[in-house]
Every structure is written in C-alpha cells, then in structure tokens.
Amino acid sequence: MTSAQSPTHPSAAGAAGVDPSREDAAGSRDGSRGGVDSPRGAGDRARTGYRTGPSNWLLLPALSFFGIFALLPLAGVVVLSFFAWDGLGTPQFAGLSAWFTVFQDPVTLNAMKLTFLLTALSYVVQFPLSLLLGTFMAGHQRYREAFSVLYFLPLLFSAAAIGITFGALLDPNFGLSRAFGLDWLGQDWLGSPNLAFYTVIMVISWSFVPFHSLLYQAGVRQIPASMYEAATLDGAGRVRQFFNVTLPQLKYTIVTSSTLMLVGSLTYFDLVFILTQGGPGNATRILPLDMYLTGFRSYQMGPASVIAVILVVVGLLLSLTLNRISGADRMESQMEGA
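These numbers were taken from a predicted model, which means no experiment stands behind them. (Residues numbered from 1 in each chain as written. Predicted model: local features only at pLDDT ≥ 70, side-chain atom pairs only at ≥ 80, totals over all residues. Heavy atoms only, no water.)

Caption draft 1: Examining the confidence of the model for the protein chain more closely. Scored by pLDDT, the protein chain comes out at a mean of 83, with 81% of its residues at no less than 70. No element of the protein chain has a lower mean pLDDT than helix H1 (residues 10–15), at 43, and none a higher one than helix H6 (residues 106–137), at 95. (pLDDT = per-residue confidence, 0-100. Helix = DSSP H or I, 4+ residues; strand = E, 2+ residues; numbered from the N terminus.)

Take a look at the structure:
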C-alpha cells in the first residue's frame, strides 16, 4: 500500500531543478556567516553591536596630541588673561583689568587697524595673482613647467632668510638702487612711515603667492578635460572658459586658499619682525607683533594673553564665516555629470 504522505523521492526534486543537498549547504553557509541579505546575519549584528569601519580609538593619538599642544596652552592663555604677571614673579588675579587696558591702549588699537588693513590688502594682492599663476602653471607645456619651478622657489626659503635678503635689497645705501642706478629705487622703503607698511605687504605676497598658486594648479588639473572640450564646441574662447568652467570648478579650492590667506595674515610675525621690528614708529606694528612686544619687551603677560585670545577668536570667526557663506561644509561634488 502506498502512503499518501510519503517523502519526496530525490529524483523528483532533481526533476524540479532543485538539489536538496546544495540547498541545505547554501542555507547553512548563509546562516553561519550572517550575510548581508540574511535576516539571521542582521539579527546577529544587532545583538553583538558589530559595525564596519575603523574604531574610534584610532583617533586617540591625534586627539591627545592636539589636546596637549593646542587646547591646553590655549586654556592657559585664557586663564592668564585675567592675571597680572611680569613673567618672573607670582601671577596676581586682576580680573578684567588686562582686557580694559588692551581696549584702551592707543598702540594696540592702532595695531588692530593695521592688522585689518594688512589682511584686506594682502588678500587683494595674493588672490588674483595666485589664481592666474596657478591656472597658467596647470598647462603641461614645457615652458610653463619651467616657470612653475621658478615660482616655487620662495617656498624653499625660510622667513628669516627672506626678511634679511629683502632688508639688504631695499636698503637705500647699498641695495637695488646702487646696483641699477635707478633713483626711484633709492627710496627708504623700510624706513619711511608712508612706504614701510606697503613694502611689508609686497614682501609677504612674494613669499606666499607660490603656495596658493600650487593649490590652484592642483585644482585646475583636477577639472575634467571633457568640460573644456564641450565649451570649445559651444564656441567659448579662453576667457569664457576661465569664467564659466574654471572658476566654478575651483569653488572649494578658492574657499580653502582664502581661509589660509585671511587666517594666516593674523599670524605674520617673523617676517615683519625681521624687516622692520614694528617701525618706523608703530607704522608696521601689527597685532601679532604687538602681542610679542607687550609680553616680552614690556613684560605685561596679562595684556599679551588678551591679544592672543583676540587673535584666536578672530581667526575662528573668519574660518567659520567663510565656510558657512560658501557652503563648503556640505562639500557636494562639483563634477557630477562630467
């Protein structure tokens, strides 16, 4: 007698196109490794807390280094701004007296004005020069690559070497004016109150334009050639391609470069100190230099710490404002469809 509930014969399963042994083996493999499409694997990850990607513990060395050498000294400067200290004795709590002293000192107020002018004028000079030179150097012609090497040279020199060299070149007694016999070069570029500030801006621009040109060169070389080919087919010349293709694609490079220019202008110290030491008079005494002279020449560590806090706050506000206005914090791709 044949039972109505007899098991299926292997041959019947084979006829249906399913191998029971393979099906069981596949199921056991999926269950054991917890695959992406397996509900059992998803449940295992949920129960064990498993996740992909590197561990957050890998951030610990970098965060420790940043905390010890950046955040901790900054906290010390903030605390010191509420004390009166000459650098040798015991600090005495003075409340807000150092803050009132700084904002009532005409020398420091003039330094703030000079720092603002230096930031604005150096940006006006550096930005267009860097952008144009970087775009020019992005070409692969040999003569452009040769010029790139020459433009890169200032990055190899230290600020001390640049300051000493320009101090000698601009000396009215034995500098460029004596070498070429040109009267207009014989002016006292670093000793005149009307010329020293603008001469410092010129030297700063000469020093840092190559770095930003390098950023723009790398940015232009990342732009797909297909964009320029399409613009050429549409009849766009070099000028239209620059404004309609190059500039929009360099948006985030411009943001990065501008942030470094503006925030970096708050840290100019060594070059200005070597060139003029803040003179003549206070014509080039910008805020970083005023901080140094207040703290280590006048031995007023409290007001010097206040100036340091002001520089940090202004730098952070500039950086955050630039990123917020430009939308660089979202960093969406600009090459979609290229």
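Caption draft 2: Looking closely at the environment of Ser81. By the element assignment, Ser81 lies in the loop between helix H4 (60–80) and strand S1 (83–84). For the pair Ser81 and Ile307, spaced 226 residues apart in sequence, the C-alpha to C-alpha distance is 8.7 Å. Leave out the neighbours within four places in its chain, and Ser81 touches Gly95, Ala98, Trp99, Gly302, Ser305 and Val306. (Contact = heavy atoms within 4.5 Å.)

Caption draft 3: Examining the nonpolar core more closely. Of all hydrophobic cores here, the largest spans 20 residues; its most connected members are Leu118, Ile204, Val272, Leu275 and Ile286. Breaking this core down by element, the ones donating at least two residues are H6, helix H8 (159–169), helix H10 (196–221), helix H14 (270–275) and helix H15 (287–296). With five residues, the top contributor of residues to this core is H10. Grouped together as the second largest cluster of nonpolar side chains are nine residues, Ala98, Val102, Leu266 and Val306 included. (Core = buried A, V, L, I, M, F, W, Y, C linked by side-chain atoms within 4.5 Å. Buried < 20%, exposed > 50% of the residue type's maximum accessible area, 1.4 Å probe, protein only.)

Caption draft 4: Structural view of the environment of Gln300. Within the secondary structure layout, Gln300 lies in the loop between H15 and helix H16 (301–326). By relative accessible area, which is 38% here, Gln300 ends up partly exposed. The spatial distance from the C-alpha of Gln300 to the C-alpha of Phe83 is 9.8 Å, given a sequence separation of 217 residues. Here Gln300 is in contact with Trp85, Thr294 and Gly295, once residues within four sequence places are set aside.

Caption draft 5: Looking closely at the side chain of Ser130. Assignment of secondary structure puts Ser130 in helix H6. Here the side chain of Ser130 touches Gln126 through a polar contact of 2.7 Å, landing on its backbone oxygen. Ignoring sequence-local partners within four residues, the contact set of Ser130 consists of Val209, His212, Ser213, Tyr216 and Met261. (Polar contact = N/O pair within 3.5 Å; in protein donor to acceptor, adjacent residues only side chain to side chain.)

Caption draft 6: Main features of the packing of helix H5 (residues 97–104) against H16. Orientation of H5 relative to H16, taken along the N-to-C sense of each, is 75°, at an axis distance of 8 Å. Viewed along their axes, H5 and H16 adopt a mutual orientation that is roughly perpendicular. Along the contact surface, H5 presents Ala98, Trp99, Val102 and Phe103, while H16 presents Gly302, Pro303, Val306, Ile307, Val309 and Ile310. (Axes fitted to C-alpha atoms, helices over the stretch in contact; angles between N-to-C directions. Parallel < 35°, antiparallel > 145°, perpendicular 65-115°, else oblique.)

Caption draft 7: Here's a closer look at the pattern of salt bridges. Enumeration according to the criterion identifies one salt bridge in this entry. As a salt-bridge pair, Asp290 and Arg285 come within 2.8 Å of each other at their nearest N and O atoms. Given the relative accessible area of 0%, Asp290 is considered buried. (Salt bridge = Lys/Arg side-chain N within 4 Å of Asp/Glu carboxyl O.)

Caption draft 8: Representation of the layout of surface pockets. Roughly 640 Å³ of volume is contained in the largest pocket. Lining the largest pocket are 17 residues, and of these Thr135, Arg144, Val220, Tyr228 and Arg238 sit closest to its centre. Where the lining of the largest pocket is concerned, the elements lending two or more residues are H6, H10, helix H11 (225–233) and helix H12 (238–249). Ranked by the residues each element gives to the lining of the largest pocket, the list is headed by H12, at four residues. By residue class, the composition of the lining of the largest pocket is seven nonpolar, seven polar and three charged. (1 Å grid on protein atoms, 1.4 Å probe; cavity = no way out; pocket = protein on both sides within 12 Å on 5 of 7 lines; lining within 4 Å. Points joined across faces, edges and corners; volume = space filled by probe spheres on them. Nonpolar A, V, L, I, M, F, W, Y, C, P; charged D, E, K, R; others polar.)

Caption draft 9: Here's a closer look at the packing of aromatic side chains. For the structure shown, the criterion picks out 16 aromatic pairs. For the pair Phe166 and Trp206, a centre-to-centre distance of 5.2 Å together with 70° between the ring planes defines the contact as edge-to-face. Placement of Phe166 in helix H8 and of Trp206 in helix H10 is noted, with a sequence separation of 40 residues between them. Relative accessible area serves as the criterion here: at 38%, Trp206 is assigned to the partly exposed category. (Phe/Tyr/Trp six-rings, centres within 6.5 Å; stacked < 30°, edge-to-face > 60°.)

Caption draft 10: Representation of a nonpolar patch on the surface. The grouping of Tyr143, Phe147, Leu150, Phe152, Leu153, Leu155, Leu156, Phe157, Trp206, Phe211, Leu214 and Leu260 at the surface amounts to a nonpolar patch, some 1,100 Å² of accessible area in total. It is helix H7 (residues 142–152) that contributes the most residues to the nonpolar patch, four residues altogether. (Patch = residues over 30% accessible without salt bridge, like charges linked within 9 Å, V, L, I, M, F, W, Y side chains within 5 Å. Areas by Shrake-Rupley, 256 points an atom, 1.4 Å probe, with all protein chains shown as cover.)

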